[in-house]
Amino acid sequence: MKSTDVLIMRPMSPLVTESLERHFTLHRGDLAEDKERFLDEVGPKIRGMAVSHVHVNDALLDRLPKLEIAANFGVGYDTIDAAACGRRGVMVTNTPDVLTDEVADLAVGLLLATVRQIPQVDRYLRQGKWLEKPYPLTGTLRGRKVGILGLGRIGRAIAHRLVAFGLPIAYHGRTKQSDVPYEYFPSLIEMAKACDVLMVVAPGGPETKNIVGREVLQALGSEGVLVNVARGTLVDEDALAAALADGTIQSAGLDVFAEEPKVPDALIRQEHAVLLPHVGSASHHTRNAMGQLVVDNLTSWFQGNGPVTPVAETPWKA
Ligand code: NDP
């Protein structure tokens, strides 16, 4: 495999780059000063790619005519045009399961932080305000019903945790699932009306763009809390900022934004919202497991054993 040419275009962890360098001839577009020239030079021989925050679309695929596999670092692969890859016979893989528990933990932490205002309370203490008077009373998780948009691997792990918190769970997705006890809503708006927490965990991409807009936020209501650990593109950020400012919903906990790492000022101004810089899977343990799965997909493929975790658009037929 050492003669197989593999590409990265953005920095990846030492675990990934060092492993890839051991197994393959690795081309580091992340280190190239002139990326266009670099791609012109190495593109024609590249057979594998480890992908992190890179748009793999027809324009890039045209420059990688020998590409066989694009191994994404992350379970969400909305930066990859997987349908275009499928049409060209390029295998796409992602990193499911290894990050599920980490992201579910973060989602529950973010929900608690938002409802009980944990970051704001911390700021209050550090500013010495506790010496003057106790922090005002906060909202509560008690009595809330949680609607999960996207009851997949992570959505189910969140539901499992929140059942232990004693909260009733509902979900919305394109299909009803026969093996869960939770209430199914074929309509997102109807679920938002019935719930006071909306937990967003469905994939990004054109199909879900702005799926949480003004109407859904109005349906969630003035006691409602929105938590988004999926992708920023699922939420209409202008509508959300307006809903937070005028009390249409109570608060929001966001780990993801539409144009990361940029976060709209209109959201930053909302002191009662909790905003995180996309850290859902960002522990040493989980990022290493994700990196290892990227490497495993590439080595398995070039050893002739097929991909480990292909995405739905490029199923593996051995
Ligand atoms: P899964 O594929 O297991 O689950 C996705 C769920 O979304 C499924 O239940 C699916 O149900 C539902 N869904 C898909 N399309 C739609 C749609 N158009 N409308 C409504 N529901 C839909 O994915 P994971 O649980 O593993 O991951 C979910 C997402 O979380 C990822 O795509 C990723 O973007 C995000 N993520 C964020 C992280 C972070 O750091 N914040 C880390 C990891 C993941 P159905 O098919 O029935 O519609």
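What you are looking at is a predicted structure, and each value in this text was computed from that prediction instead of being measured. Along every chain, residues carry numbers that run from 1 in the direction the sequence is written. Only residues with pLDDT of at least 70 are given local features in this predicted model, and only at 80 or more are side-chain atom pairs given and counted; all residues enter the totals for whole chains, interfaces and linings. Side-chain metrics rest on all non-hydrogen atoms present in the structure, leaving aside hydrogens and water.

1. Some points on the site of the ligand
Next up, step 1: The near set for a molecule or strand comprises every residue that places at least one heavy atom within 4 Å of it. The immediate surroundings of the ligand are formed by 27 residues, with Ile154, Arg174, Thr175, Val229 and Asp255 found nearest.
Next up, step 2: N or O atoms within 3.5 Å of each other form a polar contact, as long as, within protein, one can give a hydrogen and the other can take it, and as long as residues adjacent in sequence are counted only when both atoms are side-chain atoms. The separation between an oxygen atom of the ligand and a polar main-chain atom of Arg174 is 2.7 Å.
Next up, step 3: Between the ligand and Arg231 there is a distance of 3.3 Å, counted from an oxygen atom to a side-chain nitrogen or oxygen.
Next up, step 4: Method for areas: the Shrake-Rupley scheme with a 1.4 Å probe, in which residue coverage is limited to the protein chains shown. Taken by itself the ligand offers 930 Å² of open surface, and the protein chains cover 88% of this.
Next up, step 5: Tallied by class, the residues present in the shell around the ligand amount to 12 nonpolar, 10 polar and 5 charged. Three classes are used: nonpolar for Ala, Val, Leu, Ile, Met, Phe, Trp, Tyr, Cys and Pro, charged for Asp, Glu, Lys and Arg, and polar for all others, with Gly counted as polar.

2. Quick word on the environment of Ser13
Next up, step 1: Every helix listed is a DSSP run of H or I at least four residues long, and every strand listed is a run of E at least two residues long, numbered separately from the N terminus. Along the polypeptide, Ser13 turns up in the loop between strand S1 (5-8) and helix H1 (14-23).
Next up, step 2: Separated by 278 residues in the primary sequence, Ser13 and Gly291 have C-alpha atoms spaced 7.4 Å apart.

3. Notes on the packing of aromatic side chains
Next up, step 1: Only Phe, Tyr and Trp rings are paired, with Trp represented by its six-membered ring, and only when their centres lie within 6.5 Å; those with planes under 30 degrees apart are stacked, over 60 edge-to-face, the remainder tilted. Counting across every chain of the model gives 4 aromatic pairs.
Next up, step 2: When the centroid spacing of 5.0 Å and the interplanar angle of 90° are considered together, the rings of Tyr124 and Tyr135 count as edge-to-face. Of the two residues, Tyr124 is situated in helix H6 (residues 118-126) and Tyr135 in the loop between H6 and strand S6 (146-149); the sequence distance between them amounts to 11 residues.
Next up, step 3: When accessible area is computed with a 1.4 Å probe and restricted to protein chains, residues below 20% of their type maximum are described as buried, those above 50% as exposed, and intermediate ones as partly exposed. Judged by its relative accessible area of 11%, Tyr124 falls in the buried class.

4. As for unusual backbone geometry
Keep in mind that most residues, glycine aside, have a negative phi and that most peptide bonds are trans.
Next up, step 1: In the segment running from Glu260 into Pro261, the intervening peptide bond is cis, with an omega of 5°.
Next up, step 2: Structurally, the position occupied by Pro261 is in the loop between strand S11 (251-254) and helix H11 (265-268).
Next up, step 3: The residue Asp97 is not glycine, and still its phi comes out positive at about 70°.
Next up, step 4: Within the element layout of this structure, Asp97 appears in the loop between strand S5 (91-93) and helix H5 (100-115).
Next up, step 5: A positive phi angle is found at Gln117, which is not glycine, with a value near 55°.
Next up, step 6: With respect to the element layout, Gln117 can be found in the loop between H5 and H6.
Next up, step 7: Relative accessible area serves as the criterion here: at 23%, Gln117 is assigned to the partly exposed category.

5. Considering the confidence of the model for the protein chain
Next up, step 1: Scored between 0 and 100, pLDDT is the confidence that the predictor attaches to each residue. Residues of the protein chain with pLDDT of at least 70 account for 100%, and the chain-wide mean is 98.
Next up, step 2: The ipTM, which scores confidence in the relative placement of chains, is 0.99 for this predicted complex, and the corresponding pTM is 0.98.

6. Thoughts on the side chain of Gln270
Next up, step 1: Tracing the backbone shows Gln270 in the loop between H11 and strand S12 (274-275).
Next up, step 2: Note on contacts: a residue pair qualifies if any of its non-hydrogen atoms lie within 4.5 Å across the two residues. Filtering out sequence-adjacent residues up to four positions away, Gln270 remains in contact with Ala241, Leu244 and Ala245.

7. Describing helix H12 (residues 284-302)
Next up, step 1: Expected helix span is given by 1.5 Å per residue-to-residue step, counting one fewer step than there are residues. Here H12 contains 19 residues, and its C-alpha end-to-end distance of 27 Å stays within 8% of the 27 Å for a straight helix at 1.5 Å per residue.
Next up, step 2: Taken as a whole, H12 has its buried residues at Thr286, Met290, Gly291, Leu293, Val294, Val295, Asn297, Leu298, Thr299, Ser300, Trp301 and Phe302.
Next up, step 3: Residue Gly304 follows H12 closely and has a positive phi angle near 85°.

8. Structural notes on the pairing of S1
Next up, step 1: Here S1 shows two buried faces, one formed by Asp5 and Leu7 and the other by Val6 and Ile8.
Next up, step 2: Strands are treated as partners if at least two bridges between them are detected by DSSP. Here 4 bridges tie S1 to strand S2 (residues 25-28), and the two strands are oriented parallel to one another. Among the inter-strand pairings, Ile8 is bridged to a residue of S2, identified as Arg28.
Next up, step 3: Assessed by its sense of winding, the connection that carries the chain from S1 through H1 to S2 is right-handed.
Next up, step 4: In this sheet, strand S3 (residues 48-51) lies alongside S1 in parallel orientation, the contact comprising 2 bridges. Residue pairing for S3: Val6 is matched across the bridge by Gly48. The path from the first strand over the helix to the second decides the hand: if it runs clockwise while the strands point away from the viewer, the crossover is right-handed.

9. With respect to the sheet that holds strand S7 (residues 169-172)
Next up, step 1: Pairing is parallel in the open sheet, where 7 strands are placed in the order S8-S7-S6-S9-S10-S11-S12. With one partner strand each, in any of the chains shown, strand S8 (183-184) and S12 form the two edges of the open sheet.
Next up, step 2: For S6 and strand S9 (residues 197-200), the ladder comprises 4 bridges, and the chain directions are parallel. Along S9, the bridge assignment pairs Val146 with Val197.
Next up, step 3: Along the sheet, helix H7 (residues 153-164) makes contact with S6, S7 and S9, crossing S6 at roughly 170°. Lines fitted to C-alpha atoms define the axes here, with helix axes fitted over just the stretch in contact, and angles between the N-to-C directions of these axes take values from 0 to 180 degrees.

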